[in-house]
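Analysis of the macromolecular model
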Amino acid sequence: MSAGRSNALRLMMNSAPKSGRQLIFPAHMAEIDARTIAGGTPGIVLMERAGQAVVTVLRGIWPRRPVLILAGPGNNGGDGWVIARLLKEAGWPVTIASDWPAGALKGDAKLACEASGITPVPLEEADFSAAPLIVDALFGAGLARSIEGKLAEVLRRAAASGGPVLAVDLPSGLCGTRGEVLGDSLKADVTVTFGAAKPGHLLAEGRCYSGQLHVADIGLDLCEGEEDALWNHPLLWWDRMPLPPSAAHKYARGGLLVVGGPRHQGGAARLTAKAAAVTGAGAVTLAVSAQAADIYAASIDAIMLRTVRDESELADFAASDKIAAIAIGPGLGTDEKAAAWLGAVLSAGKPLLLDADALTLLAKRAERLAGCPEGSVLTPHEGEFKRLFSDVSGSPLERAEEAARKSGQTVLLKGAATVISAPGKTPVINTRSSPYLATAGSGDVLSGIIAGWLAQGVDSQAAAGAGAWMHGESSLQYGPGLTADTLWQKIPNALHAIGARTDD
Ligand SMILES: NC(=O)C1=CN([C@@H]2O[C@H](COP(=O)(O)OP(=O)(O)OC[C@H]3O[C@@H](n4cnc5c(N)ncnc54)[C@H](OP(=O)(O)O)[C@@H]3O)[C@@H](O)[C@H]2O)[C@@H](O)CC1
Ligand SMILES: Nc1ncnc2c1ncn2[C@@H]1O[C@H](COP(=O)(O)OP(=O)(O)O)[C@@H](O)[C@H]1O
Ligand SMILES: [K+]
């Protein structure tokens, strides 16, 4: 590793240790909890640390104000009782609403309730009229079924109060595994969770319900490598990315072939090609038919254009030494000719970035999926995913994993939270992104970034992880006004943000 690279990494290590990127399912976290207790840390000590962590975050955000704590029947409620006691000791006006007084509680939650010296009001009598700061400690990791009836009514009243909400561990009613709301839930402004974030904080409705997420270290016995998923960050892949050596020449930096389509769809492949070039592929060539060449040529400068007569000429070019990877799908079309061109690049044996129309074509002829060269990346959005893997169901995480298993390739399932799964590897969830990405053509730019890394010899999982992160980072740097045809211009900012530099 070069000195430049190691310095960049060291800087990142200081700001975000890799362990901070672990994602753990709630049921798995309960095992870690039990292991920690068996290792000599009493449960009540963990609960005390959890409560203390919440109070530290809470006091860092809000000045003293009335607090209403909703406490449930389990240990999530126990945390609520610790928070109540600590806030009361600090002189905050605290009310606790719970249908489970000390006599109805067990274990650490009972101890925490008794230690508080506070008598709860029943949930039905919780007074939200003054818009207090609401601490949601009803249910966390132990949510076992949908929230209904009286409990759902309390959550609705809390939501209607307009008071800010801090959720303890998980917003009550949010499934920590899948990110779905079970019955009802309460949107939090801030969530403080313990040990590691849960996939449910990021997936489906989880991101919106969890608000600003804080992960508190409470001394759980959590091992490196036991995570169920990883939360995307440059630390996961940056040490696998090449930096241009001083003696670089363009083909050594990676030759990428981008396959174009009909005249009227030229924009998509051009966006892919431009994004790949900015990402660092040294020589990007767009291959198009003679009929479409003038349209493509009209708005590319740094991208090379090559006209090909037919699929056999495309196959020859794809197989040449100058091509390290191939991107196909954006603007390809789905007619017979497009299918033949897809067949030509599938046989080249180079890592492929398969998106858009290429995925639709593959869905029509599923046997072709098995012929994809090793190290390829599939980037479906929800619609394409359903076409391609019609028999796969579950959360985005489960579906991406199953699709990677079935196809033997890295699958990146796009969405507000994007999931990247490679066969046999821990899946990665990307939430570094802006909703402004929901604009036509932004997926073509993502394809270009990933293909740009594939062309530089980066493995498919790292290329997809880096692609999702840089795409999102570019969108955040852009902000309002983002359109796909200018998004690629922010890619250099994303490269700078992750510390890319040369060896010098
Ligand atoms: N892991 C850690 O490291 C640490 C974890 N800590 C904390 O512990 C929390 C997990 O505690 P937990 O296991 O007691 O589960 P919790 O969320 O309180 O709920 C279980 C209770 O709720 C009930 N119930 C469930 N769903 C329901 C529904 N829909 N409607 C009605 N009732 C429902 C369920 O009833 P049952 O299903 O048994 O009938 C049971 O009584 C975790 O989130 C964190 O805050 C920290 O203290 C320390 C470190
Ligand atoms: N609400 C959102 N928040 C963050 N990213 C989003 C959101 N909606 C879409 N995206 C991202 O925008 C891109 C859209 O890609 P895609 O659906 O293929 O669009 P297109 O086909 O028009 O290029 C994906 O990378 C997706 O993850
Ligand atoms: K909660």
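Residues numbered from 1 in each chain as written. Chains lettered and ligands numbered in written order. Predicted model: local features only at pLDDT ≥ 70, side-chain atom pairs only at ≥ 80, totals over all residues. Heavy atoms only, no water.

This part is about the sheet that holds strand β7 (residues 212–216). Taking strand neighbours across the sheet as the criterion, the 6 strands line up as β3-β2-β4-β5-β6-β7 in an open arrangement whose pairing is parallel. What marks the edges here is a single partner per strand, and that holds for β3 (94–97) and β7. Between one strand axis and the next, the sheet turns by 20 degrees as a mean value, whatever way the strands run. Taken together, the 3 bridges between strand β4 (residues 133–137) and strand β5 (residues 165–168) define a ladder with parallel strand orientation. In the sheet register, Val135 faces β5, and the bridge partner there is Leu166. (Pairing = 2+ DSSP bridges. Helix = DSSP H or I, 4+ residues; strand = E, 2+ residues; numbered from the N terminus. Axes fitted to C-alpha atoms, helices over the stretch in contact; angles between N-to-C directions.)

What follows deals with the coordination of the potassium ion (ligand 3). Protein coordination at the potassium ion (ligand 3) comes from Asn76 (OD1), Asp136 (O), Phe139 (O), Val168 (O) and Leu170 (O), with a distance range of 2.6 to 3.0 Å. On the primary sequence, the residues serving as donors to the potassium ion (ligand 3) are separated as N-x59-D-x2-F-x28-V-x1-L. Taken together, the residues Phe139 in the loop between β4 and α6 (149–161) and Leu170 in the loop between β5 and β6 (190–194) connect sequence positions 31 residues apart. Both residues of the pair, Phe139 and Leu170, belong to the buried class. (Donors = N, O, S within 2.8 Å, 3.2 Å for Na, K, Ca; no water. Buried < 20%, exposed > 50% of the residue type's maximum accessible area, 1.4 Å probe, protein only.)

The next point concerns the site of ligand 2. Taken together, the neighbourhood of ligand 2 is formed by 18 residues, with Lys414, Gly415, Gly441, Ser442 and Gly443 sitting nearest. Contacts to ligand 2 include Thr418, whose side-chain N or O atom sits 3.3 Å from an oxygen atom. One nitrogen or oxygen atom from the main chain of Leu437 is found 3.2 Å from an oxygen atom belonging to ligand 2. Against a free-state accessible area of 580 Å², the protein chains account for coverage of 77% of ligand 2. Given that more than half its atoms are within 2 Å of the pocket grid, ligand 2 belongs to the second largest pocket. A per-element tally of the shell around ligand 2 places helix α16 (residues 442–455) first, with 4 residues. (Near = heavy atom within 4 Å. Polar contact = N/O pair within 3.5 Å; in protein donor to acceptor, adjacent residues only side chain to side chain. Areas by Shrake-Rupley, 256 points an atom, 1.4 Å probe, with all protein chains shown as cover. 1 Å grid on protein atoms, 1.4 Å probe; cavity = no way out; pocket = protein on both sides within 12 Å on 5 of 7 lines; lining within 4 Å. Sits in = over half its atoms within 2 Å of the grid points.)

Across the 5 residues that make up strand β9 (residues 255–259), a large majority, 5, are buried. Across the two faces of β9 the burial is the same, with Gly255, Leu257 and Val259 and Leu256 and Val258 all buried. Note: β9 against strand β10 (residues 283–288), 5 bridges, orientation parallel. By the bridge assignment for β10, Val259 is matched with Ala287. Handedness of the crossover joining β9 and β10 through helix α9 (residues 266–279) is recorded here as right-handed. Here 4 bridges tie β9 to strand β12 (residues 325–328), and the two strands are oriented parallel to one another. If you follow Val258 over to β12, its bridge partner there is Ala327. (Right-handed = clockwise from strand over helix to strand, strands pointing away.)

Summed over all chains, the structure comprises 4 aromatic pairs. Centre to centre, the rings of Trp237 and Trp238 are 6.2 Å apart; their planes meet at 75 degrees, and the pair counts as edge-to-face. In terms of burial, Trp237 and Trp238 fall into one category: buried. The exposure class of Trp238 is buried, given its relative accessible area of 1%. Each member of the aromatic cluster is reached from another via a ring pair, and the members are Trp237, Trp238, Trp453 and Trp469. Sitting above the plane of the Tyr209 ring, Lys187 keeps its charged end 5.3 Å from the centroid. One Lys or Arg, Arg399, reaches over the ring of Phe385 and ends 5.4 Å from the middle of that ring. (Phe/Tyr/Trp six-rings, centres within 6.5 Å; stacked < 30°, edge-to-face > 60°. Lys NZ or Arg CZ within 6 Å of the ring centre and 35° of its normal.)

As a further point, take helix α2 (residues 26–38). An ideal rise of 1.5 Å per residue puts 18 Å on 13 residues; α2 measures up with 18 Å between its terminal C-alpha atoms. Of the residues making up α2, those classed as buried are Pro26, His28, Met29, Ile32 and Thr36. End-on view of α2: buried residues confined to an arc of 150 degrees, all on one side of the axis. Of the exposed residues in α2, the ones pointing more than 90 degrees away from its buried face are Ala27, Glu31 and Ala38. Residues of α2 that are buried sit in contact with α3 (43–61) and β6. Downstream of α2 by one or two residues, Gly40 has phi in the positive range, about 115 degrees. (Expected span 1.5 Å × (residues − 1). Arc of directions from axis to C-beta. Contact = heavy atoms within 4.5 Å.)

Let us now look at the site of ligand 1. Asn76, Asp79, Gly140, Arg145 and Asp169 are the nearest of the 23 residues found near ligand 1. Separating a nitrogen atom of ligand 1 from a backbone N or O atom of Ala144 is a distance of 3.0 Å. Within the side chain of Asp169, a nitrogen or oxygen atom sits 2.5 Å from an oxygen atom of ligand 1. Protein contact buries 76% of the 930 Å² of open area that ligand 1 shows by itself. Judged by the fraction of its atoms near the pocket grid, ligand 1 is located in the largest pocket. Only α2, α3 and α4 (75–89) provide two or more residues apiece to the shell around ligand 1. Top element by residues in the shell around ligand 1 is α4. It accounts for 3 residues. Looking at the shell around ligand 1 residue by residue, the class counts come to 13 nonpolar, 6 polar and 4 charged. (Nonpolar A, V, L, I, M, F, W, Y, C, P; charged D, E, K, R; others polar.)

What follows covers the pairing of strand β2 (residues 67–71). In terms of residue burial, β2 counts as a mostly covered element, since 5 of its 5 residues are buried. Burial of the side chains of β2 extends over both faces: Val67, Ile69 and Ala71 are buried on one face and Leu68 and Leu70 on the other. With 4 bridges connecting them, β2 and β3 associate as parallel partners. Residue Ile69 lies in a different strand from β3, and its bridge partner there is Ile96. Between the parallel pair β2 and β3, the chain is carried across by α4, and the sense of this crossover is right-handed. Both β2 and β4 contribute to a ladder of 5 bridges, which runs parallel. Looking across to β4, one finds that Ala71 is bridged to Ala137.

With that out of the way, let us pick up the layout of surface pockets. Taken as a whole, the largest pocket encloses approximately 550 Å³ of empty space. Asp33, Asn75, Asn76, Ala141 and Asp169 are the residues nearest the centre of the largest pocket, which is lined by 27 residues in total. Residue assignment for the lining of the largest pocket shows that the elements contributing at least two residues are α2, α3 and α4. A total of 5 residues in the lining of the largest pocket trace back to one element, the largest contributor, which is α2. Its volume calculated, the second largest pocket comes out at about 420 Å³. The wall of the second largest pocket is formed by 26 residues, among which Lys414, Gly415, Leu437, Ser442 and His471 lie closest to the centre. If you list the elements that add at least two residues to the lining of the second largest pocket, you get α16 and α17 (460–478). The element best represented in the lining of the second largest pocket is α16, accounting for 4 residues. (Points joined across faces, edges and corners; volume = space filled by probe spheres on them.)

Just distances and angles here, no functional claims.
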